[in-house]
Amino acid sequence: METKSFPDDFLWGVATSAYQIEGAPLADGAGPSDWHLFAHEAGRILDGGHGDTACDHYNRCADDIRLIAELGVNAYRFSVSWSRIFPQGVGAKNPQGLDFYDRLVDGLLARGIEPFLTLYHWDLPAELAARGGWVNRDSAEWFGDYAHTLFRALKDRVRFWTTHNEPWVVMHNGYVKGAHPPGRADLSQAAQAAQNLLRAHARAVQAFRADPTGKIGVVVNLEPKEPASDDPRDIAAATDAEAYMNRLFLDPLFLGSYPEEAARIFGKDWPSFPEEDMRLIREPFDFLGLNYYTRSVNRADPTASPDGAAPVRQKGSTYTEMGWEVHPQSLARTLLWLKERYGDIPLYVTENGAAFADPPEERGTIEDHARVDYLRGHLVAAHEAMRQGVNLQGYFVWSLFDNFEWAFGYTKRFGIVGVDFASQRRTPKLSAEFYRQTIGARGRNLFQRA
Ligand code: FCB
């Protein structure tokens with residue numbers, strides 16, 4: 001690798017997910033998802049927002065593909081809405097739902113953009129949620145069948161696939177904190193959901209192998225967890241926090257067993273899982289996607305559930321609108337840690353980006369200097385990890401658009417393209433221009449002094 005640039009075949013992308021941008025969740029025969037119902041429950045979403053219109057991408061797809069191409073990217077990460085394909089989650093297929101993704105994939109390929117497809121980015125068909133969702137062991141079969149249908153329809157054109165986006169968040173926000181559907185706080189259900197998410201992933205990987213083309217992986221969110229002091233209690237809390245967020249899903253996938261801390265963290269709610277499940281979950285896959293945003297520094301706090309760790313704000317650090325510390329070095333550290341702990345598997349940064357309070361649009365652009373700095377810092381860190389031998393093959397900015405940020409509604413803007421939700425006008429920000437130049441220069445500009 002050249003010391004001050006990225007390889008020629010590096011994937012440079014932007015990322016989105018179905019429910020956050022598409023809008024028209026019930027169009028053309030689609031069934032409702034759990035997120036559709038949840039967002040419409042009073043009090044669930046900070047600003048009362050929902051995904052009924054979002055970025056109206058479902059109706060503006062052709063224009064949006066042109067816009068993506070203008071960014072100069074060679075890859076686009078998006079997710080498929082399961083309930084567009086199977087309105088009830090299983091059973092009868094809805095061909096019109098598939099047509100939408102068919103057109104999207106063809107449109108991307110026509111512009112030389114590699115589609116990078118996520119099967120599950122959190123919107124579960126409402127019918128399946130009503131049958132227990134991820135707590136139901138049948139969910140592995142439901143997901144395997146859905147995945148199989150998409151492989152049959154799109155594998156001739158889509159080379160990069162991922163099963164779940166951030167299964168830890170599905171478990172933690174859905175079943176521990178209750179901030180996402182199904183809105184529960186039940187550690188026993190959380191443990192079952194974790195296991196079934198992993199089983200479902202493995203079933204999809206098995207279905208993928210029926211035909212030898214393409215590559216499949218899974219996407220996890222990781223944050224280095226550091227102790228706030230040398231106090232052994234803080235050190236132990238940071239270790240538990242790290243086991244809970246960073247190793248709970250990766251250890252079973254790569255090593256075949258859960259971290260030993262899980263039994264303590266979940267207490268009586270941690271079951272002993274069948275050996276055959278653990279064998280299934282270890283099904284080999286081709287690459288790992290890392291969503292990286294921040295690190296966290298923790299002190300021991302027995303009231304902090306379930307890992308006993310409470311994050312501490314760092315003086316002198318910059319924080320994003322999400323309250324996340326900007327800490328690019330921790331991206332390099334995380335990439336190196338992955339290689340060291342789990343082996344030399346190909347890696348992609350499948351999400352990295354930041355919400356900031358952007359200045360108002362002026363003269364046709366939005367001067368989001370803070371986001372430019374964030375992206376620059378993290379790209380340099382990614383490059384540093386590669387220089388140290390990490391097999392990083394691509395990087396995706398979260399996100400293409402300002403969009404529906406889950407429980408925060410439309411209050412947090414992550415886009416490198418701004419969206420005025422009233423008019424649906426798109427305005428590329430300064431960060432979009434920075435990214436376009438960076439891709440054109442294969443990153444060489446990152447190492448030149450301004
Ligand atoms: C990740 C999600 C993505 C977006 C970003 C900010 O956890 O995968 O959909 O919400 O955070």
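What counts, and at which threshold
- Residues numbered from 1 in each chain as written.
- Predicted model: local features only at pLDDT ≥ 70, side-chain atom pairs only at ≥ 80, totals over all residues.
- Heavy atoms only, no water.
- 1 Å grid on protein atoms, 1.4 Å probe; cavity = no way out; pocket = protein on both sides within 12 Å on 5 of 7 lines; lining within 4 Å.
- Points joined across faces, edges and corners; volume = space filled by probe spheres on them.
- Helix = DSSP H or I, 4+ residues; strand = E, 2+ residues; numbered from the N terminus.
- Nonpolar A, V, L, I, M, F, W, Y, C, P; charged D, E, K, R; others polar.
- Near = heavy atom within 4 Å.
- Polar contact = N/O pair within 3.5 Å; in protein donor to acceptor, adjacent residues only side chain to side chain.
- Areas by Shrake-Rupley, 256 points an atom, 1.4 Å probe, with all protein chains shown as cover.
- Salt bridge = Lys/Arg side-chain N within 4 Å of Asp/Glu carboxyl O.
- Buried < 20%, exposed > 50% of the residue type's maximum accessible area, 1.4 Å probe, protein only.
- Pairing = 2+ DSSP bridges.
- Axes fitted to C-alpha atoms, helices over the stretch in contact; angles between N-to-C directions.
- Left-handed = near helix turned anticlockwise from the far one by under 90°.
- Contact = heavy atoms within 4.5 Å.
- Expected span 1.5 Å × (residues − 1).
- Bend = angle between axes of the 7 residues up to and from the residue.
- Parallel < 35°, antiparallel > 145°, perpendicular 65-115°, else oblique.

Draft legend 1. Just empty space enclosed by the protein, in detail. Under the counting rule described, the total for this entry stands at two cavities of 30 Å³ or more. Along its surface, the largest cavity is lined by 13 residues, and Tyr-19, Pro-25, Ser-81, Arg-84 and Asp-123 are the ones closest to its centre. For the lining of the largest cavity, the elements supplying multiple residues, two or more each, are helix 1 (18-21) and helix 4 (82-85). Its residues assigned to classes, the lining of the largest cavity shows three nonpolar, seven polar and three charged. Approximately 50 Å³ is the volume attributed to the second largest cavity.

Draft legend 2. Expanded view of the site of the ligand. Neighbouring the ligand are the residues Gln-20, His-121, Trp-122, Asn-165, Glu-166, Asn-291, Tyr-293, Glu-351, Trp-398, Glu-405, Trp-406 and Phe-414. Between the ligand and Asn-165, the relevant distance is 2.9 Å, taken from an oxygen atom to a side-chain nitrogen or oxygen of the residue. Expressed as a share of its isolated accessible area of 290 Å², the protein-covered part of the ligand is 94%. Counted by class, the shell around the ligand contains five nonpolar, four polar and three charged residues.

Draft legend 3. Focus on the pattern of salt bridges. Throughout the structure, instances matching the rule amount to 36 salt bridges. The partner of Arg-137 in a salt bridge is Asp-277, with the nearest N and O atoms 2.9 Å apart. Here the residue Arg-137 occupies a position in the loop between helix 6 (126-130) and helix 7 (139-154), and Asp-277 occupies one in helix 13 (residues 275-281), the gap between them amounting to 140 residues. Residue class for Arg-137 comes out partly exposed when judged on its relative accessible area of 38%.

Draft legend 4. Geometry of the pairing of strand 7 (residues 287-291). Within strand 7, five of the five residues are buried, leaving the element largely enclosed by the surrounding structure. Pairing of strand 5 (residues 215-221) with strand 7 involves five bridges; the strand directions are parallel. Opposite Val-220, over in strand 7, you have Leu-290 as the bridge partner. Alignment of strand 7 against strand 10 (residues 347-351), held across four bridges, turns out to be parallel. Across the sheet, the residue bridging to Leu-290 is Val-349, located in strand 10.

Draft legend 5. Quick look at the packing of helix 7 against helix 9 (residues 187-208). With their axes 8 Å apart at the nearest point, helix 7 and helix 9 run at an angle of 35° to one another. Once helix 7 is placed against helix 9, the crossing between them reads as right-handed. Only Asn-196, Arg-199, Ala-200, His-201, Arg-203, Ala-204, Ala-207 and Phe-208 of helix 9 make contact with helix 7, whose side of the interface consists of Ser-139, Ala-140, Glu-141, Phe-143, Gly-144, Ala-147, His-148 and Phe-151.

Draft legend 6. Seen up close, helix 3 (residues 57-70). The end-to-end C-alpha distance of helix 3, which contains 14 residues, comes to just 17 Å, noticeably less than the 20 Å that a straight helix rising 1.5 Å per residue would cover. Taking the largest bend as the criterion, helix 3 deviates by roughly 50°, centred on Asp-63. Looking only at helix 3, the buried set comprises His-57, Tyr-58, Cys-61, Asp-64, Ile-65, Leu-67 and Ile-68. Gly-72 occupies a position one or two residues after helix 3 and carries a positive phi of about 85°.

Draft legend 7. Structural detail: the packing of helix 8 (residues 167-176) against helix 9. Closest axis-to-axis distance for the helix 8/helix 9 pair is 9 Å, and the angle between their directions is 155°. Judged by the angle between their axes, helix 8 and helix 9 are roughly antiparallel. Crossing hand, helix 8 versus helix 9: right-handed. Residues Pro-167, Val-170, Met-171, Tyr-175 and Val-176 of helix 8 touch helix 9, and the partners they reach there are Leu-187, Gln-189, Ala-190, Ala-193, Ala-194 and Leu-197.

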